[in-house]
Amino acid sequence: MVKPRANGLWTRQSLIDLPAWDPTILWYARAIGAMWDRDPIDPLSWQYQGAIHGYDADADPFRDDGRPRPSRAQQKLYWNQCQHFSWYFLPWHRGYLGYFEKIVRSHVVKLGGPEDWALPYWNYSDPDTQKAWILRKEFRDDVLPADPTNPRWDGKPNPLSRPCRQVALENCGEGDESWKQTGDLEIGTDNVSLKCLQVESFFNEVGDGDESFGGPRTRFMHDAQTPAEQVVGQVESTPHGDIHMCVNGWMSDFNTAALDPVFWLHHCNIDRLWEVWRGLTNEGNPSDAAWLRGQNFRLHDEAAAEVTFTTEQMLETASALFAYKYDNISPPRIAHRRFRTLLTADTETARNFEESVAMAEEKRGKPKPRLVGASLESVQLGKSPTAGRVKLREREVLESVSPGGEESVVAAPQQALLNIENVVGLPNTRGYRVYLSGKPGGEKLYVGNMSMFGLTKASDPNQHAGNGLTYVFNVTEQIAALKAKNEWDEQNFHVTFEPMGQQPEDNVHVRVGKISLFYK
Amino acid sequence: MSESARSACSTSSAASVSIPAWLWPIALALRDFGRDRTLIAVVAPAWLLMAVSTKTALLPSICMGSPWPREIVSTAWDVALSSGFLVHESIAAAIMIAALMGPLVIAPARHVLSSQFDDNRMLPAGAFLAGYASLWMLASAALLVPVLFLHLTGGRVLHWSAAGAFLVAAAWQLTAVKAACIRRCHRRTPLSPWGFSAVREAGLFGIRHCLACIGTCWVMMLAVMLSSHHLAAAAAVTGLALIERGSPVVWQPRNAWILAAMAMAECVAVLLAG
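Only a predicted model underlies this, so the values are computations on that prediction, with no experimental measurement involved. (Residues numbered from 1 in each chain as written. Chains lettered and ligands numbered in written order. Predicted model: local features only at pLDDT ≥ 70, side-chain atom pairs only at ≥ 80, totals over all residues. Heavy atoms only, no water.)

Peer 1: Tell me about the overall build of chain B, and please be specific about residues and values.
Peer 2: Each helix and strand in chain B was counted, giving 13 helices and zero strands. Counted from the first residue to the last, chain B has its helices and strands arranged as α-α-α-α-α-α-α-α-α-α-α-α-α. Across the 274 residues that make up chain B, the buried fraction comes to 50%. A separation of at least 24 residues holds for 81% of the contacts in chain B among residues at least 6 apart in sequence. Surface accessibility of chain B: about 12,200 Å² in total, with carbon and sulfur atoms responsible for 74%. (Helix = DSSP H or I, 4+ residues; strand = E, 2+ residues; numbered from the N terminus. Buried < 20%, exposed > 50% of the residue type's maximum accessible area, 1.4 Å probe, protein only. Contact = heavy atoms within 4.5 Å. Areas by Shrake-Rupley, 256 points an atom, 1.4 Å probe, with all protein chains shown as cover.)

As structure tokens, this is what we get:
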């Protein structure tokens, strides 16, 4: 059921906890139907809202529908705004979701629905629900269900199942549609991993080799147009990018993603993960003025009036602007802090250890990553697993430290960061699973996923620099494990890229420019 | 995160200063600049020398931006062929490149540095700067030919030509070639940190980056050389280029308007000078 507001706050509920065709889902579908009925020139229409995220007339699936669209000047002002590969990724999407929710709610109310309606979130990572990543039936049914209390929509086409899914964008309307029966989009546990929650820092500097939860410091960053290397933040990579590419179809491209109703439930979950992360990190959100107030974003409210916002207004979900909360932001069991996972199972010891590490860092400053190894050449990826060799400098040994004494804190627990840099290409695959191995033919340990979401855009030299994407993985655990098994070679190691999802086509063109290893 | 830590975060953010969005590229560049003492050591003296050279005859060169004395002009070609002139012009060109291009080269230089091992950065960085600066020196020599010719004609033609150069710069701003050059300015190719490859690839990156940079800035540089308000023009062009480099990579008619306004300012200056 739609949860009534408490203390003036709307509650965003978990989709998988709702019964089939719960009013929350049903009214979402009806409101979307009403939004589709509006012309794309109208800021309250579905197509207009989708185009705010991204729009390319050539890729518009409805370009020949003869309906009026905004002038070029208006499109330039309000469309193509989504922020990716940037520290604005989370705050911009929070604002986008917040105003979208207000617009949908206004439609719900106009249609006679509850004023307390709020967006649900798709928690595909929920460890307590079996196959939480299965796409629910409501998003696959062809028609809306019969409703004796409100028969107006009985048997009408279901807007939730309208989008192209599961196949690549250019193959819409083709392919095996068995997923419609099962809801199985071949999403694996690796695609919904919450390892991102272990990262302490919200942002990093482009090119510093470090990892961050929210992405690197950039300016306005749509379509990778800003002049900086495109580094994918941890939450943006997995689960965000993975889910985009697994749902596929419209969801796989910036310019069509927000036309899929799943997009909003997916991003609602990403927004929730930001709140979960805040509860885990010591550092918290940045206090940098450039992040807080350096960039104004434009959107429309439920009256179609222009609104502007900065990151600073996006920090508290319960603020008057959007006034919402999530029904669950407790840390999932699988998202232990890295130090705890690595070093001890004893929470008290871990907390003491982290506090002393924090004090040591305060004295010495935060450790900066330093380059310790790099590949000798670029690596061409294809439809079968490909490996690249990384050479390590002599005398660079990752120090293993156990908690306890003050000396160990002074020595600092080192972290190892694997950078997969300048990945460019026209992928015909969802992404690659990345593995680390020491000696040739030795054991390969899984590191993480490289989602191809946004890769085509980031690789296009005709729109911007075409530097491609850079992915960062924390491989401290993997190296420690390989060392423990005597599988680690102090001179070389290998990184293997394995295509994920369906067997890709022959025309996969992805190249990794450089692989680097940093210690910090 | 604890509540106290959260409130500490919000308190510190509330105390910070708000800067208009369009100023961020310059603010960020200045911040990077402040972190890089080597660049300050090069760029600050370059600007100081430029300032001095516009007021004195310390550098009788392209940096002066006003017609050369008649006795020099009358024998300009002889002067051009003399070694003293070439040395002076080379120094002046190097100063101008350091002053104008120094702030723009921070980002690619950082890419070179971050691609290298901590204790092996100087040679690749040197190779990058050598590749970059040497090509700009050649380009400056090429730009000097029309400057020399216009100095020969002297007087108002020189000043009108400065206005014309700013107009050409405004028009150049709108071309597809300029847009392509800007995109290439933002390219960051993967660089090897290993052995001689590190030096070679960094040097090649410097040359490639400089080619894109010349394509982007050549006509603005020419306008600065010709301007009678050399220092002001140099500062304006540097600021413009900084904003351009820090902005989304799209065509920017806004910058064309600014350059057109600078052309108008040159015209007004000529008219006021009688």
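Now that the structure has been shown, we can carry on.
Peer 1: With reference to specific residues and values, describe the nonpolar core.
Peer 2: Nonpolar side chains in soluble globular proteins generally cluster together in the buried interior. Ranked by internal contacts, the top residues of the largest apolar core, which has 138 residues, are Tyr28, Trp122, Trp264, Leu418, Ile420, Met450 and Phe497 of chain A. No other element matches helix α7 (residues 261–280) of chain A, which puts 11 residues into this core. Those residues in contact with Met450 of chain A that lie beyond four places of it in its chain are Leu381, Ile420, Val423, Arg430, Gly431, Tyr432, Val434, Tyr471, Phe473, Phe497 and Met500 of chain A. Counting 56 residues, the second largest nonpolar core, distinct from the first, contains Met50, Ala165, Ala256 and Ala260 of chain B. (Core = buried A, V, L, I, M, F, W, Y, C linked by side-chain atoms within 4.5 Å.)

Peer 1: I'd love a proper account of unusual backbone geometry, names of residues and values included.
Peer 2: Residues and elements named next belong to chain A. Looking along the chain, the bond that leaves Thr238 and enters Pro239 is cis, with omega of 15°. Mapped onto the secondary structure, Pro239 falls in helix α6 (residues 234–247). You will see that Trp21, though not glycine, has its phi angle at about 45°, which is positive. Among the secondary structure elements, Trp21 is positioned in the loop between β1 (10–12) and α1 (23–37). Looking at Trp21, the relative accessible area reads 16%, which means it is buried. Backbone geometry places Ala304, a non-glycine residue, at a positive phi of 70°.

Peer 1: I'd like to hear about the packing of aromatic side chains, residue by residue, with values.
Peer 2: Residues and elements named next belong to chain A. By the definition in use, this model includes 36 aromatic pairs over all chains. Each ring, one from Tyr88 and one from Phe297, has its centre 5.5 Å from the other, and the planes form 75°; the classification is edge-to-face. Taken as a pair, Tyr88 in the loop between α3 (72–78) and α4 (89–110) and Phe297 in strand β5 (residues 297–300) lie far apart in primary sequence, 209 residues in all. The exposure class assigned to Tyr88 is buried, which follows from its relative accessible area of 2%. (Phe/Tyr/Trp six-rings, centres within 6.5 Å; stacked < 30°, edge-to-face > 60°.)

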